[in-house]
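Here is what each chain is made of, one letter per residue.
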Amino acid sequence: MNVIMFYKVGDNYGEFSNFSSHGFSLNGIYWRTVEHYFQAKKFLNLELQHKIRNMDSPMKAAIEGRKKENPLRPDWEMIKDQVMYIAVKAKFTQHIELSNLLISTGNAYIVEHTQNDSYWADGGDGSGKNMLGIILMKVRDELIKERRNLL
């Protein structure tokens, strides 16, 4: 099986990272990165969402989004996968070069490879859930299907 691993923005397939600088709009609001959107949506407080959305880097957004003093929305664990999916889908549908890149991976298994995360990534040793990779593959399948329907 062909496996594609990614993590850092500057590496091969770095465009798959939530930190890649491919902004997108959702509901009339522009987001600089998937990371900005994902971190902001952890909270119901609109001022905090606005603060995170306007941070000048995805790392700053991630740091703010992980602060324990910021009260997580009570349903976060139930909705976080859907929030990630919405942002990833928007990013890849609003940038044709990203759609093409994702589709070009064919049926490869896509893995966010880092020991820093065992939920969104593979935990560095394959023991993680790789949820971001799974979402990317789902979006890829949807993009392929949508293109076929256009033909």
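Coordinates for the structure precede this section.
Analysis parameters
- Residues numbered from 1 in each chain as written.
- Predicted model: local features only at pLDDT ≥ 70, side-chain atom pairs only at ≥ 80, totals over all residues.
- Heavy atoms only, no water.
- Buried < 20%, exposed > 50% of the residue type's maximum accessible area, 1.4 Å probe, protein only.
- Helix = DSSP H or I, 4+ residues; strand = E, 2+ residues; numbered from the N terminus.
- Pairing = 2+ DSSP bridges.
- Axes fitted to C-alpha atoms, helices over the stretch in contact; angles between N-to-C directions.
- Parallel < 35°, antiparallel > 145°, perpendicular 65-115°, else oblique.
- Contact = heavy atoms within 4.5 Å.
- Nonpolar A, V, L, I, M, F, W, Y, C, P; charged D, E, K, R; others polar.
- Arc of directions from axis to C-beta.
- Core = buried A, V, L, I, M, F, W, Y, C linked by side-chain atoms within 4.5 Å.
- Phe/Tyr/Trp six-rings, centres within 6.5 Å; stacked < 30°, edge-to-face > 60°.
- Lys NZ or Arg CZ within 6 Å of the ring centre and 35° of its normal.

1. So, the pairing of strand β1 (residues 3-6)
Remark: a regular strand shows side chains that alternate across the two faces of the sheet.
Item 1. Alternating positions in β1 separate cleanly, Ile4 and Phe6 being buried on one face and Val3 and Met5 remaining unburied on the opposite face.
Item 2. Pairing analysis gives four bridges linking β1 to strand β4 (residues 109-112), with the strands arranged parallel. Opposite Met5, over in β4, you have Val111 as the bridge partner.

2. Re the packing of helix α5 (residues 96-104) against helix α6 (residues 131-150)
Helices that pack against each other are described as a pair by the angle of their axes relative to one another and the distance between those axes.
Item 1. Where α5 contacts α6, the axes come no closer than 9 Å and their chain directions differ by 105 degrees. Taken together, the axes of α5 and α6 are roughly perpendicular relative to one another. Judged by residue contacts, Ile96, Ser99, Asn100, Leu102 and Ile103 of α5 engage Leu136, Val139, Arg140, Leu143, Ile144 and Arg147 from α6.
Item 2. Among the residues forming the contact of α5 with α6, the class breakdown is seven nonpolar, two polar and two charged.

3. Some points on helix α3 (residues 58-65)
Helical geometry note: an α-helix holds 3.6 residues per turn, so side chains three or four residues apart project in the same direction.
Item 1. The set of residues buried in α3 consists of Pro58, Ala61, Ala62, Glu64 and Gly65. Buried residues of α3, seen end-on, are gathered within an arc of 165 degrees and therefore sit on one face of the element.
Item 2. Tucked into the core, α3 has its buried residues touching α1 (34-40) and α2 (46-53).

4. Some thoughts on the nonpolar core
Item 1. Counting residues in each nonpolar core, the largest one holds 33 residues, and the members touching the most others are Phe24, Met84, Val88, Phe92, Leu102, Leu136 and Val139.
Item 2. At the level of secondary structure, the elements contributing two or more residues to this core comprise β2 (24-26), α1, α2, α4 (76-94), α5 and α6.
Item 3. When near neighbours in sequence (up to four residues on either side) are disregarded, Leu102 contacts Phe16, Phe92, Ile110, Leu136, Val139, Arg140 and Leu143.

5. Description of the packing of aromatic side chains
Item 1. Taken as a whole, this structure holds eight aromatic pairs when the rule is applied.
Item 2. Each residue in the set Phe6, Tyr13, Phe16 and Phe92 is aromatic and connected to the rest through ring pairs, giving one cluster.
Item 3. Of note, Arg53 hangs over the ring of Trp31, and the distance from its end group to the ring centre comes to 5.8 Å.
Item 4. Across from the ring centre of Tyr85, 4.3 Å away, lies the NZ or CZ of Lys138, which sits over that ring.

Function cannot be read off these values alone, since they describe shape.
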